[in-house]
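# Breakdown of the fold
Here is how the chains run, residue by residue.
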Amino acid sequence: MTKRKRYSPFEQTNRRRGQPPAAEAPIERPNLATINLDAAAGKKGFGLGDVVRIQGTGMYAGETATIERLTSGAIPSAVVRTESGNTRHVRTIDMVPVPKS
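The shown structure was predicted, so the numbers you read here are calculated from the model rather than taken from an experiment.

This part is about the pattern of salt bridges. All chains considered together, the criterion is met by two salt bridges. For Arg81, the salt bridge goes to Glu68, with nearest N and O atoms at 2.7 Å. Of this pair, Arg81 sits in strand E3 (residues 77–82) while Glu68 is found in strand E2 (residues 64–71), placing the two residues 13 residues apart along the sequence. The class for Arg81 is partly exposed, based on a relative accessible area of 36%. Among the salt bridges present, the one from Arg91 reaches Asp94, with a minimum N-O distance of 2.9 Å.

Pasting the structure below:
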C-alpha cells in the first residue's frame, strides 16, 4: 500500500505589494482623452443637403461640407462631403450651419 501525502496548507502571509509612495501633485497626461457628455443630446435643425462648417479638432476642422446622410443613435452624427471631396462622420455638435449667401 502506498503512503498518502499529508495535506499542509500554505503559509498565511500577505502576498500583496505595498502601495507606492504618494506623488506630490497629480500628473497631467498629454494624451488623455476627454469625453463631451453633451454629444448625446446633439443639435437639431440639420437636413440633407445643408451646408455646414466643421468645428472642433481634427483633419477637416474649419472646412465647409454638405450633409449626405444623418444618423441617429447614442451620439447623433452625419456623413458629410467636404469641399475637397472627402467624406467623414461628424457629430452634430461639431457642425455649425453656414448662412446662405
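It is worth spelling out the environment of Val96 at this point. Looking at the element boundaries, Val96 is found in strand E5 (residues 95–97). Once the C-alpha coordinates of Val96 and Ile75 are considered, the two residues, 21 residues apart in sequence, prove to be 16 Å apart. Filtering out sequence-adjacent residues up to four positions away, Val96 remains in contact with Lys43, Val52, Arg53 and Gln55.

Residues in a regular strand point their side chains to alternate faces of the sheet. Relative to strand E4 (residues 87–91), E3 runs antiparallel, the two being bridged by five bridges. Bridge pairing in E4 links Ala78 to Val90. The antiparallel hairpin formed by E3 and E4 contains four residues in its connecting segment, where Gly85 sits at a positive phi of about 100°.

What counts as what
For every chain, the first residue of the written sequence is number 1, and numbering continues from 1 onward in sequence order. Note on the predicted model: pLDDT of at least 70 is required for a residue's local features to be given, and 80 or more for side-chain atom pairs to be given and counted; whole-chain, interface and lining totals, by contrast, use all residues. Excluding hydrogens and water, the side-chain figures rest on all heavy atoms present in the structure. For this analysis, a salt bridge means a side-chain nitrogen from Lys or Arg found within 4 Å of a carboxyl oxygen belonging to Asp or Glu. Every helix listed is a DSSP run of H or I at least four residues long, and every strand listed is a run of E at least two residues long, numbered separately from the N terminus. Relative accessibility decides the category of a residue: with a 1.4 Å probe and only protein chains considered, values under 20% of the type maximum give buried, values over 50% give exposed, and everything between is partly exposed. Contacts between residues were defined by any pair of non-hydrogen atoms, one from each residue, lying within 4.5 Å. Between any two strands, pairing holds if DSSP finds at least two bridges.

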